[in-house]
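# Structure assessment
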Amino acid sequence: MSTTTSATPATSGTVLDSGEDFKAIDTIRRGVRFSPELKEGIGLTLVLAVLASLGQVVVPIAVQQTLDRGLNAPGGPDTSFTLAAALVAAAAIVLTSVASYLMTARLFTASERGLATLRTKAFRHVHDLPLLTQNTERRGALVSRVTSDVDQVSQFLVFGGLLFVVSVGQVLVATVVMVVYSWQLALVVWLCFAPLFLSLRYFQRKLSAAYATVRRQVGLMLSAVSEPVVGAAVVKSYAVESRTQARIDEAVAAHQSASTRAQGFTAFSFSLGGVSAGLANAGVLIVGIWLGFGDDISAGTVLAFAYIVTLFVGPVQMGTQILTDAQNAIAGWRRVIGILETPADLVDPGPEGRVLPRGPVDIRLAGVGFAYPGGPPVLRDIDLEIAAGRRVAVVGETGSGKSTIAKLLTRLMDPSEGAVLLDGIDVRDIAQASLRRSVVLVPQEGFLFDDTIAANVRYGLLDATDDQIRASADELGLGDWLAGLPAGLETMVGQRGESLSAGERQLVALLRAHLADPDLLVLDEATSAVDPALEMRIGRALERLMSGRTSVTIAHRLSTAESADEVVVVDHGRVVQRGPHAVLVGEAGSVYAGLHASWVAQSS
Amino acid sequence: MLWVIATPDNAGNRRSTWDSDPHRLTARRRPGIASGPRAVARETTDEVQERVTQRSGPWGRKRGLSGSTTRQGFAVLGVSIRREPWIFTLSTLGSVLFGALTVADAWVLGWSTDNVVLPAFEDGEIGSGMLVAVLALFLGVAILRAVGIVARRLGAGVMQYRMQAHTRRAVTRQYLALPMEWHQRHPTGQLLSNANSDVEAAWGPIAPLPMAVGTVAMMAIAVGQMFLADVVLALVGLLVFPVVILANLAYQHYSSPLMTRAQQLRAELSEIAHESFDGAMVVKTLGREGEETRRFAAKAEELRDVNIRAGRIRAAFDPTLAALPNLGVLVVLAVGVSRVLGGASDAGDVVTVSYLLTVVSFPIRSIGWLLGELPRSVVGFRRVTSVLEARGEMPYGAGRVASGRGGAALRVEGVAYAHDPDQPLLRDVAFEVPPGRTVALVGATASGKTTLVSLLTRLVDPDDGRILLDGTDLRDLAHGELPRAVAVVPQTAFLFDDTVRGNVTLGLDVSDEEVWAALRTAQADGFVAALPAGLDARLGERGTSLSGGQRQRISLARALVRRPRLLVLDDATSAVDPEVEARILAGLREGGHDATLVVVAYRKATIGLADEVLHLSGGRIVSRGTHAELLVTDPAYAHLVNAYEQQHDGTAPVSAEVQA
């Protein structure tokens, strides 16, 4: 399938699906589809569940029999019967307990397996989402979707789902028994419970909305909590602790009140079951008496019926409780499924995608335009050809749209209009694996993972050996820098790489890119100011990194523009000038001449 | 010594973040006089300890939780009960009401049978009054019972959520109070997990608590009646209890380590997710989604396996507790039948004891639900407590900075600082910046510039020496005083998930004109004006909607709007286009900003602003003077700042510089 239809601006920044608009049963169906483990062996588990819940009926009966026919046997207690019956009852207890154990253990196994799969799929899908969606979603909220939202589901799957099915079964069996005794009284019982059943839908809706709010608030709360953690230095140096705390307190309070509100609905909806039961008991007696006047029923039947009603009420209350408690889990489940159902609209053509041939890439932008959803155009009518092996610098003021070009070339976003072609192939038709293999972006801020330098560099080439990494570093002229680090390749870089300086982070990013060995190298402002000695290293490393490849640099520096084969000047979303530095700088009054003047002023 | 910091006045002041919680249990810190920096640190530590002890109650003056998991679990519950006694009472009363009315229900049925149903069938008629009475009784009991349910469940919910909120406020206050060094050691994902999953775990048992407590009464009454019926059989029946306790001990024993592991894994999972989403750009551009997923999946699978193992134990525990009273009934029957035959017991008493034992099974089960939640609760509480007990809160003095305008005088005296005593980051650093002057800090990577900046803004305190602002040691200033005079613009801009205005003012009461003026100097007015909502435009988490250079300029405006008397720029314009940077620098020089300026810089245009340049190397100041002087006198300096030109022009740097 080659989906080359252009992604419209409206969809390229899709907000994550909250999943709030589908029903509980839909959620469960979808959830099971994403976690097929949940269905595995469900038949046997259900049999065990029935056996375990039968125990709740069988055991009291066994005890009753032992009492009635053993201890209270006519003619005095019957020791042998009592002991025999007690043994049988004990066997029944052990059997049903074992069934209960097996059922719960199986449920735990199936649901934890299913949820681990769901978590992992959702995590993967977050990475498949467009950059824009990733950026608009709060990090804490995304994290909560693959962590605490999933945790909520587990309780329901183990203690809810199957018991609900069993409860419904028990209600049906109780109804049959009631009808056998007296269909009129059975009708009375059902009528008394009708308001509950009818209001259940209303409460489910309310509860569903209430718990959706709770889960959303958890995400917002985590985002608020992450501020003083990630921004600790700013919070401290500006002494805005109380303001930051106020923002957190607000999120904590919002979560608290949302939870309390949801709990209120749960409690109220659950209590309705008890009221219905009272109504049913009274109804059975009153209607029973009335039926008795017509000789339709005996006093014994009425009294027996009053006891049978409890067989009906118990599972109804159990079922109601499970349903109400389930809403929290369902809300969490929906949010996880919501991720999975948000389209990853940079569609990977997959195995049918084309493969870029190795060797320097040539680039063509044909009538490219780009706008963020609902925003003004960032790029307009860009037509640009870059021959294979050329070294191009893109310059322009901040906000001119030059960084967007880098994102389009690396297919972090698709253009709203026109097409980006590499080696004559529309990037949308190139298999992602091939594209990522051939095209590497070194972003402005080289994000590092909290691990060793070696591990971070291996993001470029997974199976790189330490020797390969060292050789690669030597090629870039970074060997002595690496050797000078306290633990060499095994130096820990700290969270987000913060133990290294900004310049050193760049070196790691360059080393990473070099190991990846791309055919098209896109550098986005990778040369922001660092200490000059390091700067020189970076410059040298870049020089070597770019040789033999096509490279596009989003440049801020005179030197980068000067040493490029060609400079492309972007202004207000359009290409306004292009050509070698020497030529452009001579075009008096041009955008480039202006930029150049300020560069010169800077470095003199 | 110099650090005489604590007076009753500032003591309250520096606790302000804690005090803002109206429900706090914490003791107001006691004033005391400290005699040195170490003493200050210790004293503060004791304060934290005292606070924690106060909060966590009497189970451990110094050591926190101790004893078996069950005891610890009850201790944690004790904390919540002491904290929310009224809601706890209400929900427990609700639970008792529910229990009582469940009994009443049976009584109403009996009464109706004897007084209404049977007479009605015998007489063939019934007064409508009686029917109304039946209806009223059943409904009355049902409604009261419903009230009990609502009180119990809502009460438990309110209590649980209040405790969660209290704890989250305390934990996040602690995040705000703990020093940078602590933050650097703790990954974001872990801290998020502490504030979320661990807090939830700690207060999980509150949900089944009222039911369990409420049924204790039921159990006590039933046990009492058992003894009234037949002492021997009651004792036989009560054998159930030691077995229940054994089962619980076994459960807690096997469960606790797994729960501990599971909470740790939850935190690690959150850590991986947070980091991976943070680095989404790198993951995407290098096509490493698969590897990241495998990294996450490995942890998710480990958590899965631990949860399954814990689940199996739980799966055994619940039915065991359910079965024990039933087995007890059978034993009572077996013993009872021989006692009846021997004439020691009455058959009726056997029946009564057996029945009462089945009554006891419900409380045992509901207490079992509570016990089942305890191991996870204890683990969560411990993890939260370890944050609350973390030490190293920064002490503040009572000093005020001089108000008014004009640059501040900065004096650094013999300052030394090290994370690791063997690897000093700064040694013997001394310099002075007179009001309104500019000093540039220049040095190679890892020469100590950023460390010095953290000392100037008191993110950390020096191990030795001192830093004086207008003659006052920074450590003597009250909390919030230093930022009134000093603003720092860090290397990496951090923006809040707030509007442009909120990010610039950070709550400071300034007019929009002043905000715009600051944005103008920072060269940020253009792109802010172009945002659809202008100052009210929301920037998204960490300002993701802006470019790196734009974020730096907002961050700069944040500093400028405060009209600081000392402005510290830590390579603050590194991601800004040179043209824009030139305009910013011009604005700083000309725009009536008479602040004292400390800049960490590499670009010569920036260094050129400085009245004095300090060349740092290996944590020391190796030379000082004007830029031109240093170029001549300090070859290493010349090499450092000219490396750039050397590389690109191939011309002799010094001569080129002399011309400039």
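Residues numbered from 1 in each chain as written. Chains lettered and ligands numbered in written order. Predicted model: local features only at pLDDT ≥ 70, side-chain atom pairs only at ≥ 80, totals over all residues.

### Let's talk about the overall build of chain A
A count of helices and strands for chain A gives 21 helices and 10 strands. The C-alpha extent of chain A, read off along each of the three principal axes, is 120 × 55 × 50 Å. The buried share among the 604 residues of chain A stands at 56%. When contacts within chain A are restricted to residue pairs at least 6 apart in sequence, long-range pairs at least 24 apart make up 80% of them. (Helix = DSSP H or I, 4+ residues; strand = E, 2+ residues; numbered from the N terminus. Buried ≥ 20, exposed ≤ 12 C-beta atoms within 10 Å, placed from the backbone. Contact = placed C-beta atoms within 7 Å.)

### Remarks on the sheet that holds strand β1 (residues 410-420) of chain B
Residues and elements named next belong to chain B. Here four strands make up an open sheet; going across it, the order is β2-β1-β4-β5 and the pairing antiparallel. Only two strands of the sheet have a single neighbouring strand rather than two, namely β2 (423-433) and β5 (472-473). Bridging between strand β4 (residues 464-469) and β5 involves two bridges; their strand directions are antiparallel. Paired with L469 across the strands is T472, a residue of β5. This element, helix α15 (residues 449-456), spans β1, β2 and β4 of the sheet and lies at about 60 degrees to β2. (Pairing = 2+ DSSP bridges. Axes fitted to C-alpha atoms, helices over the stretch in contact; angles between N-to-C directions.)

### Some details on unusual backbone geometry
Residue D517 of chain A is not a glycine yet carries a positive backbone phi of 50 degrees. Tracing the sequence through the fold places D517 of chain A in the loop between α17 (502-516) and β7 (520-524). Residues other than glycine seldom take positive phi values, yet R563 of chain B does so here, at roughly 45 degrees. Looking at where R563 of chain B falls in the secondary structure, it is placed in the loop between α20 (548-560) and β7 (566-570). On the basis of neighbour count, R563 of chain B is assigned to the partly exposed category, with 19 C-beta atoms found within 10 Å.

### A short note on the sheet that holds strand β10 (residues 620-625) of chain B
Consider a sheet: its strands pair through backbone hydrogen bonds, and that pairing is either parallel or antiparallel. Residue and element names in this part refer to chain B. Spatially, β6-β7-β8-β3-β9-β10 is the arrangement adopted by the six strands of the open sheet, whose pairing is mixed. The open sheet has two edge strands with one neighbour each: β6 (486-489) and β10. In this sheet, adjacent strand axes meet at a mean angle of 15 degrees when their direction is disregarded. Here five bridges tie strand β9 (residues 612-617) to β10, and the two strands are oriented antiparallel to one another. Paired with S617 across the two strands is R620, which belongs to β10. Set on the sheet, α20 makes contact with β6 and β7; between it and β6 the angle comes to about 175 degrees.

### Some thoughts on the interface of chain A and chain B
Facing 147 residues of chain A, the contacting portion of chain B comprises 147 residues. A total of 31 residues in the side of chain A that touches chain B trace back to one element, the largest contributor, which is helix α10 (residues 241-293) of chain A. Of the residues belonging to the side of chain A that touches chain B, the class tally is 72 nonpolar, 54 polar and 21 charged. (Nonpolar A, V, L, I, M, F, W, Y, C, P; charged D, E, K, R; others polar.)

### Focus on the confidence of the model for chain B
Residues and elements named next belong to chain B. Averaged over all residues, the pLDDT of chain B equals 80, while 85% of them reach at least 70. When the criterion is pLDDT under 50, residues 1-63 qualifies, and its contacts beyond four places in sequence or with other chains add up to 88 contacts. Between residues 646-660, whose pLDDT stays under 50, and residues either more than four places distant or in other chains, the model counts 15 contacts. On the interface metric, ipTM, the complex scores 0.82, and its pTM is 0.78. (pLDDT = per-residue confidence, 0-100.)

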